[in-house]
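The chain contents come next:
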Amino acid sequence: MNKDEASGNWKQFKGKMKEKWGKLTDDDMTVIEGKRDQLVGKIQERYGYAKDQAESEVKDWESHNKDYRW
């Protein structure tokens with residue numbers, strides 16, 4: 001996979017995440033930039049979830065979006 005393909009995949013990935021977690025901002029997406037632990041932390045922050053709840057949501061989202069892997 002070249003740099004352009006990776007960039008395109010990240011844009012699709014961001015779109016899918018924002019569909020699920022609309023409170024995540026573009027700045028959040030810049031911080032997350034493909035880091036799963038950052039996604040969990042930002043979901044906790046934006047939605048006021050406990051870590052295990054945020055982790056569970058991400059795990060569930062991953063199981064339904066197998067084309068988008070970290």
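From a predicted model like this one, the values you see are computed outputs, not experimental measurements. (Residues numbered from 1 in each chain as written. Predicted model: local features only at pLDDT ≥ 70, side-chain atom pairs only at ≥ 80, totals over all residues. Heavy atoms only, no water.)

1. Points about the environment of tryptophan 21
When you line up the elements, tryptophan 21 lands in the loop between α1 (3-20) and α2 (26-32). It is 9.9 Å that separates the C-alpha atoms of tryptophan 21 and lysine 42, two residues lying 21 residues apart in sequence. When near neighbours in sequence (up to four residues on either side) are disregarded, tryptophan 21 contacts Leu39, Ile43, Tyr47, Glu57, Val58 and Trp61. (Helix = DSSP H or I, 4+ residues; strand = E, 2+ residues; numbered from the N terminus. Contact = heavy atoms within 4.5 Å.)

2. Here we look at the side chain of glutamate 62
Residue placement: glutamate 62 occurs in helix α4 (residues 51-64). A distance of 2.9 Å separates the side chain of glutamate 62 from the side chain of arginine 36, its partner in a polar contact. (Polar contact = N/O pair within 3.5 Å; in protein donor to acceptor, adjacent residues only side chain to side chain.)

3. Remarks on the nonpolar core
Membership of the largest hydrophobic core comes to 13 residues, with the highest contact counts inside it found for Met17, Trp21, Leu24, Ile32, Leu39, Ile43 and Val58. Elements with a contribution of two residues or more to this core: α1, α2, α3 (36-47) and α4. (Core = buried A, V, L, I, M, F, W, Y, C linked by side-chain atoms within 4.5 Å. Buried < 20%, exposed > 50% of the residue type's maximum accessible area, 1.4 Å probe, protein only.)

4. Re the confidence of the model for the chain
Any segment with low pLDDT has predicted coordinates that should not be analysed in fine detail. Considering every residue of the chain, the mean pLDDT works out to 85; 84% of them sit at 70 or more. Within the chain, no element has a lower average pLDDT than α1, which sits at 75, and none a higher one than α3, at 96. (pLDDT = per-residue confidence, 0-100.)

5. Looking at α4
When the terminal C-alpha atoms of α4 are compared, their 20 Å separation across 14 residues agrees well with the 20 Å that a helix rising 1.5 Å per residue should span. Those residues of α4 not exposed but buried are Ala54, Glu57, Val58, Trp61 and Glu62. End-on, the buried residues of α4 take up no more than an arc of 135°, which puts them together on one face. In α4, the exposed residues that point more than 90 degrees away from the buried face are Asp52, Lys59 and His64. (Expected span 1.5 Å × (residues − 1). Arc of directions from axis to C-beta.)

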